[in-house]
Amino acid sequence: MITSRQRTLITILIVIGSVIVGFFGWRAFRAFNQVREHRPPPPFAPEAAPVETDVELIRDWMTISYISKTYHVPSKTLFDALSIPSRDNEEKSLAQLNEKYSPQTPGIILEVVKAAILANQTPLPSVTASSPQP
Amino acid sequence: MADFLLTQIINYGAPILGLIVFIGAMGAPFPGTLIIVAVGAFCRQGFLSWPITGLVAFICVVLGDGVSYSMGYYARESILRRFSASPQWNRAEKSFQNWGGMSIFLTRFLITGIAVPVNLLAGTGRFPFKRFLMYDLAGEAIWVFGYGGLGYLFGTQWEVVSDFISNFGGFVLGLVVLVAGLLLARRLLRPKSSKIDDPA
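How each quantity is defined
- Residues numbered from 1 in each chain as written.
- Chains lettered and ligands numbered in written order.
- Predicted model: local features only at pLDDT ≥ 70, side-chain atom pairs only at ≥ 80, totals over all residues.
- Helix = DSSP H or I, 4+ residues; strand = E, 2+ residues; numbered from the N terminus.
- Expected span 1.5 Å × (residues − 1).
- Buried ≥ 20, exposed ≤ 12 C-beta atoms within 10 Å, placed from the backbone.
- Arc of directions from axis to C-beta.
- Contact = placed C-beta atoms within 7 Å.
- Axes fitted to C-alpha atoms, helices over the stretch in contact; angles between N-to-C directions.
- Parallel < 35°, antiparallel > 145°, perpendicular 65-115°, else oblique.
- Left-handed = near helix turned anticlockwise from the far one by under 90°.
- Nonpolar A, V, L, I, M, F, W, Y, C, P; charged D, E, K, R; others polar.
- Domains from an automatic or database assignment.

Notes on the overall build of chain A
Here is step 1: Each helix and strand counted, chain A has six helices and zero strands in total.
Here is step 2: When its helices and strands are written in sequence order, chain A yields α-α-α-α-α-α.

Notes on helix H5 (residues 108-120) of chain A
All names here are of chain A.
Here is step 1: If you check H5, its first and last C-alpha atoms are 18 Å apart, about what 13 residues at 1.5 Å a residue would give, namely 18 Å.
Here is step 2: Taken residue by residue, H5 has Ile-109, Val-113, Ala-116 and Ile-117 as its buried positions. Viewed along the axis of H5, the buried residues span an arc of 100°, placing them on a single side of the element. Residues of H5 that are exposed and point more than 90 degrees away from the buried face comprise Ala-115, Leu-118 and Ala-119.
Here is step 3: Buried residues along H5 sit in contact with helix H2 (64-71), helix H3 (75-82) and helix H4 (94-101).

Re the packing of helix H6 (residues 87-109) of chain B against helix H7 (residues 115-124) of chain B
Two measures define how a pair of helices packs: the angle their axes make with one another and the distance between the axes.
Residues and elements named next belong to chain B.
Here is step 1: In contact at an axis separation of 10 Å, H6 and H7 are set at 150° when each is read in the N-to-C sense. When the axis of H6 is compared with that of H7, the two are roughly antiparallel. Read as a crossing pair, H6 and H7 show a hand that is left-handed. Only Ala-115, Val-118, Leu-121 and Ala-122 of H7 make contact with H6, whose side of the interface consists of Phe-96, Gly-100, Ser-103, Ile-104, Thr-107 and Arg-108.
Here is step 2: Taken together, the residues of the contact of H6 with H7 sort by class into six nonpolar, three polar and one charged.

Quick notes on the domain arrangement of chain A
Here is step 1: With domains assigned, chain A is organised as domain 1 (1-39) and domain 2 (55-120).
Here is step 2: Between the C-alpha centres of domain 1 of chain A and domain 2 of chain A there is a distance of 40 Å.

Remarks on the interface of chain A and chain B
Here is step 1: Listed by partner, the interface residues are 34 residues for chain A and 33 residues for chain B.
Here is step 2: At the level of elements, helix H1 (4-37) and H2 of chain A are the ones that each hand at least two residues to the side of chain A that touches chain B.
Here is step 3: Here the side of chain A that touches chain B takes 17 residues from H1(A), the largest share from any one element.

So this is what it looks like as structure tokens:
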């Protein structure tokens, strides 16, 4: 004979399990579709670390030196755009810089960095220009 | 938390990564999988050396797992004083001897949210350490080099991979809970009259 305690345990396991499966299943499905949309760069391409151009991938946790190397824009250019010294700020994230220099305007450092990169990025050679057709 | 840790990793590299995965393997609620995928991308970008970083992460996470196994191992006496008389405890211990290897292996990379409780259970249940280590090494190799490899493959777009892995892990955990509930229901609700012979 099943006790009420066992019945409660079974109900909790089934209900919680179903909720978790539904919630994460839906999110995993959506994430999987996103993965399919983002085709990775060729793993063994001659240029192993291609220049990133999409500024929407910049996040608050990144440092200026990390962004500088990823987007191939000198860190001096970025610090100049922010009008802040590079000294003592090289290892700070954008969120920390924002907190230190513009605490009243959240997200402003991120936006200035994005704009500076767009304005200073070296244009990539176009495919048609580099591969002439016979 | 994840943002702070990622900033520290791009500043200080493999040593801080080793520390993070070591403490995470002992139970600190760090987003380890996200970090490993991100580190793969950092290696692709040339910020970190992948052989050194991979090796440091692998060694540190295995050491952390060993420590949490030891915590369970040495806490056995106090746990037994409380539960040893219960048949459920004995059944759970026996069941872990049968299924523990697979649990250890799968919780290293697929259901990482319950990896630490499994380590503690393995230690408490005196699951042989050599076998624990064997399954642990295999599972953590997939976690570090498989997930790190995916981060390496996707480079700066690593967030989409990390998002999928995290959600898929949650989905599998939900399946485990659901199946456990269904199996328990089946066992308890099964009519016990099946062994009763036909009165005729």
